Amino acid sequence: MESNESIQSFYERNAPGLGPLCLGANKMGHFNVFSRDHCSLLSPYSRRDYYKISLIIGKGKLHYADKWIYVDRPALLFSNPIVPYSWEADDDDQKGWFCLFTESFLQNGSRLGNLQDSPLFKIGGTPVYFLEEEQQKTLSDLYIRMMAEIESDYVHKYDMLRAYLHLMIHETMRMHPAETFEPYQNASQRVASLFMELLERQFPIDSPEAFLKLKTPNDYAQSLSIHVNSLNRSVKEITGKTTSQQITMRVIQEANALLTHTDWNIAEIAYGLGFEEPAYFTNYFKKQTGIAPNTLRTNLV
């Protein structure tokens, strides 16, 4: 299963029935802006397939990659499609705004370079900017203008929205990012927990076409935005097993379930579990269990 949240999934989660509107003229990417007045108090920990800038007025904890930061005053959050994150609100009093957009909307034919290389969105950067009163006022005004513009019938409104977005980025680049990100008290436990959660999300396999996307320790490390050595060390420390062993155990568990409870043939099960050839799956299963898949199925009859 895909671990990213697509734009379509965002609308299904936050605004059922609305659909991904506001695509802009000539299909030049996606943009939309929302109030945080009725935002979810707990967002899922995952990557998103879009960029997002949030003006957060309200207390809560941001989980970002393998770190966290407590937001206790107005702040601006920049998130990119590479690094997973989630928001855990401390109370119901959540205010502010957020906009989501694709890189193609912001670029619109210009040569600005890769957005992920910018100081605000780069991997390994600090995505939170705490705001002084005057900064909050300036950025709030930009969001209010965006909210009004997106409802207008002005023929060039997406050019206006793009200009507001560029202005917001430049205003923020004048500021200093927050430097209060903290590692978890038990960083290994946090990393291992995130890995096990992501591993479990790959299952069950509902059809041979819904094949596993994450198959190796490196796949999981990239999805969690950490080095594979750090992932391996944390998983081994907390679970007593290597990352590869944990993946193998879960794949074999799923293989047993598919062999026992479905009428899929061996090839379909192999492809569903991410094997390029049925023979690879057969050898893998027999090595781990001591019995061939066909033999297991025959014994069940």
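Up top you'll find the structure we're talking about.
Just so you know, these numbers come straight off a predicted model, no measurement behind them.

Participant: Lay out the overall build of the chain in plain terms, naming residues and giving numbers.
Facilitator: In terms of helices and strands, the chain carries eleven helices and eleven strands. The 301 residues of the chain split such that 47% are buried. Across the chain, the fraction of contacts at a sequence separation of at least 24, relative to all contacts at a separation of at least 6, is 72%.

Participant: I'd like a rundown of helix 5 (residues 187-201), residues and numbers included.
Facilitator: Taking 1.5 Å as the rise per residue, helix 5 with 15 residues should run 21 Å; its terminal C-alpha atoms sit 21 Å apart, in good agreement. Of all the residues in helix 5, the buried ones are Ser-188, Arg-190, Val-191, Ala-192, Leu-194, Phe-195, Leu-198 and Leu-199.

Participant: So what about the packing of aromatic side chains? Which residues, and what values?
Facilitator: Any two aromatic rings considered together are summarised by their centre-to-centre distance and by the angle between their planes. Under the criterion given, the structure shown has 15 aromatic pairs. Ring geometry for Tyr-51 and Phe-101: centres 5.8 Å apart, planes at 15 degrees, overall stacked. One end of the pair, Tyr-51, is in strand 4 (residues 51-57); the other, Phe-101, is in strand 9 (residues 95-101), with 50 residues separating them in the sequence. Residue classification places Phe-101 among the buried residues on the basis of a relative accessible area of 0%. Relative to Tyr-129, the ring of Phe-78 lies with its centre 5.8 Å away and its plane at 75 degrees, an arrangement referred to as edge-to-face. With Phe-78 in strand 7 (residues 75-79) and Tyr-129 in strand 10 (residues 128-130), this residue pair connects regions lying 51 residues apart in the sequence. Of the two residues, Phe-78 and Tyr-129, neither departs from the other in class, the shared state being buried.

Participant: Which residues make up helix 7 (residues 228-239), and what are the values?
Facilitator: In this model helix 7 runs 16 Å from its N-terminal to its C-terminal C-alpha over twelve residues, within 8% of the 16 Å that 1.5 Å per residue would give. Buried within helix 7 are the following residues: Val-228, Ser-230, Leu-231, Ser-234 and Val-235. Seen from one end, helix 7 has its buried residues packed into an arc of 155 degrees, which puts them on one side. Opposite the buried face of helix 7, by more than 90 degrees, sit the exposed residues Arg-233 and Glu-237. Next to the buried residues of helix 7 lie helix 5, helix 6 (217-223) and helix 8 (243-261).

Participant: Please give an account of the side chain of Glu-254 that cites residues and values.
Facilitator: The residue Glu-254 is located in helix 8 in this model. A relative accessible area of 6% means that Glu-254 is categorised as buried. Apart from residues lying up to four places away in sequence, Glu-254 is in contact with Phe-203, Pro-204, Ile-205 and Leu-273.

Participant: Can you explain unusual backbone geometry? Please cite residues and give values.
Facilitator: The linkage connecting Phe-203 with the following residue, Pro-204, adopts the cis geometry, with an omega of 0 degrees. The topology assignment puts Pro-204 in the loop between helix 5 and helix 6.

Participant: I'd like a description of the pairing of strand 8 (residues 85-89), backed by residues and values.
Facilitator: Taking burial as the measure, the five residues of strand 8 include four buried ones, the bulk of the element. Across five bridges, strand 5 (residues 60-64) lies against strand 8 in antiparallel orientation. Pairing of Leu-62 across the sheet is with Trp-87, part of strand 8.

Participant: Tell me about the environment of Ser-104, residues and numbers included.
Facilitator: Looking at the element boundaries, Ser-104 is found in helix 2 (residues 103-107). Judged by its relative accessible area of 38%, Ser-104 is partly exposed. Once the C-alpha coordinates of Ser-104 and His-30 are considered, the two residues, 74 residues apart in sequence, prove to be 7.7 Å apart. Within the structure, Ser-104 has its side chain in polar contact with the side chain of Thr-102 (distance 3.1 Å).

Participant: Describe the pairing of strand 7, listing the residues and the values that go with them.
Facilitator: For strand 7, the buried fraction is high: five of the five residues fall into the buried class. Taking every second residue as pointing to the same face, both faces of strand 7 are buried, with Ala-75, Leu-77 and Ser-79 on one and Leu-76 and Phe-78 on the other. Two strands pair when backbone bridges link them, and strand 4 and strand 7 are joined in this way by five bridges, in the antiparallel orientation. When the bridges of strand 7 are listed, Leu-55 appears paired with Leu-76. Inspection of the sheet shows strand 7 paired to strand 10 by three bridges, in the antiparallel sense. Residue pairing for strand 10: Ala-75 is matched across the bridge by Phe-130.

Here is what the cut-offs are and how they apply
Numbers given for residues are sequential positions, taken from 1 along each chain in its written order. It should be noted that, the model being predicted, local features are given only for residues of pLDDT at least 70 and side-chain atom pairs only at 80 or more, the latter also being counted only at that level, while totals for whole chains, interfaces and linings use all residues. Note that water and hydrogens are dropped before the side-chain values are worked out from all heavy atoms of the structure. Note on conventions: DSSP H or I runs of at least 4 residues are helices, E runs of at least 2 residues are strands, and numbering of each starts at the N terminus. Classification of residues uses two cut-offs on accessible area relative to the type maximum, computed with a 1.4 Å probe and protein chains only: under 20% is buried, over 50% is exposed, and between them is partly exposed. Only heavy atoms matter for contacts: two residues are in contact if any of them lie within 4.5 Å across the pair. For a helix, the expected span equals 1.5 Å multiplied by the residue count minus one. Only rings of Phe, Tyr and Trp enter the pairing, Trp through its six-membered ring, and a pair is recorded when the two centres are within 6.5 Å. The plane angle decides the type: under 30 degrees is stacked, over 60 is edge-to-face, the rest tilted. Starting at the helix axis, one direction is taken to each C-beta atom, and the arc is that of these directions. Whether two strands pair comes down to DSSP finding at least two bridges between them. Here a polar contact is taken to be a pair of N or O atoms separated by no more than 3.5 Å, where protein atoms must pair a possible hydrogen donor with a possible acceptor and residues adjacent in sequence count only if both atoms sit in side chains.

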